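A structural walkthrough
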Amino acid sequence: MAYELAPLPYDYAALEPFIDAETMHLHHDKHHQAYINNVNAALAKYPEWAAKPVDDVLRDLDKVPEDVRTAVRNNGGGHSNHSMFWHIMGPANGPGIGGHPSGDIAKQISADFGDFETFKKAFNDAAAKQFGSGWGWLVFAGGKLKVITSANQDSPLSQGLYPILGNDVWEHAYYLKYQNRRPEYLAAWWNVVNWAEVNKRFAAAKK
Ligand code: MN3
């Protein structure tokens, strides 16, 4: 069964004014769809791999047939990363969206970073410095939260890490509204983070 693009869990304009509707249309309908088309094409001759959830394929990336491994890393990664990304965001000013974190993730952020502002700064600095295209991530490793970055569409899953949250710093994620001002995009993005979903992912990361 080939992978399919799920609709956004909210309206294209729901993240305004922090992320504009035009960016969301292009990002979801064109970029995410292209990753799906490309990973489906790569796995077409390997039905036993195509049948697995994309996250499981990425966890076992080193076992994926070599002739399609790079295509799967890039496009399977793109599919997985964007599927996470849409869900860890939510309508600006909606309940539990933006503002300060709640629940277990709030406690763990305080324990590992001191406070939310310090964590945000560490995340934004790391993501701002990621050279070229990539992602900033929050992962849970060795009983602690850690900020990491990856290039291209490389998924933390392929390093044995579960992404609790991630922000896309490819220019396609922000260029229409923010042009070259990546730090401004990074600062604004926290206004649309869905902390309930992040808490769900944190619970999954601890398993
Ligand atoms: Mn993207």
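1. A closer look at the domain arrangement of the protein
For the protein, the assigned domains are domain 1 (21–87) and domain 2 (103–206). Every contact between the two is made by 20 residues of domain 1 and, on the other side, 21 residues of domain 2. Of the roughly 1700 Å² buried at the junction of domain 1 and domain 2 (both faces included), carbon and sulfur atoms supply 57%. A salt bridge links Asp154 to Arg73; the shortest N-O distance between them is 2.8 Å. Inspection of the domain 1/domain 2 interface yields 8 residue pairs in polar contact (both at pLDDT 80 or more). Elements represented by at least two residues in the side of domain 1 that touches domain 2 include exactly helix 1 (21–43), helix 3 (54–59) and helix 4 (66–87). Broken down by element, the side of domain 1 that touches domain 2 gets its largest block of residues, 10 residues, from helix 4. Considering only residue class, the side of domain 1 that touches domain 2 consists of 6 nonpolar, 10 polar and 4 charged.

2. Let's talk about the coordination of the manganese ion
Here the manganese ion is held by His27 (NE2), His82 (NE2), Asp168 (OD) and His172 (NE2), and the distances to it run 1.9 to 2.1 Å. One chain supplies every donor to the manganese ion, and in sequence these donors are spaced H-x54-H-x85-D-x3-H. Comparing Asp168 with His172 shows no difference in burial state: the two are buried.

3. Quick look at the sheet that holds strand 3 (residues 163–168)
Here 3 strands make up an open sheet; going across it, the order is 2-1-3 and the pairing antiparallel. If you trace the sheet from one side to the other, it starts and ends with strand 2 (144–151) and strand 3, each paired once. When strand polarity is set aside, the average angle formed by the axes of neighbouring strands in this sheet is 20°.

About the thresholds
- Numbers given to residues run from 1 along each chain, matching the order in which its sequence is written.
- Local features are withheld for residues below a pLDDT of 70 in this predicted model, meaning they are given only at 70 or higher, and side-chain atom pairs are given and counted only at 80 or more; totals for whole chains, interfaces and linings count all residues.
- Hydrogens and waters are ignored; side-chain quantities use all the structure's heavy atoms.
- Domain extents, as shown, originate in an automatic or database domain assignment.
- Contacts are assigned to residue pairs that have any heavy atoms within 4.5 Å of one another.
- For any pair of parts, buried area is found by adding up, for both, the accessible area (1.4 Å probe) each one loses once the two are put together.
- Criterion for a salt bridge: a side-chain nitrogen of Lys or Arg within 4 Å of a carboxyl oxygen of Asp or Glu.
- Nitrogen and oxygen atoms within 3.5 Å of one another constitute a polar contact, given that in protein one can donate a hydrogen and the other can accept it, and given that sequence-neighbouring residues count only through two side-chain atoms.
- Put simply, DSSP H or I for four residues or longer makes a helix, DSSP E for two residues or longer makes a strand, and each gets a number counted from the N terminus.
- As a working rule, the residues Ala, Val, Leu, Ile, Met, Phe, Trp, Tyr, Cys and Pro are called nonpolar, Asp, Glu, Lys and Arg charged, and the rest polar, with Gly in that last group.
- The donor set covers N, O and S atoms within 2.8 Å of the metal, switching to 3.2 Å for Na, K and Ca, and it leaves out water, so a site may look short of donors.
- Each residue gets one of three labels from its accessible area relative to the maximum for its type: buried under 20%, exposed over 50%, partly exposed in between, using a 1.4 Å probe on protein chains only.
- Pairs of strands are assigned from DSSP output, requiring at least two bridges between the strands.
- The convention used is that axes are lines fitted to C-alpha atoms, helices contributing only their stretch in contact, and that angles between N-to-C directions extend from 0 to 180 degrees.

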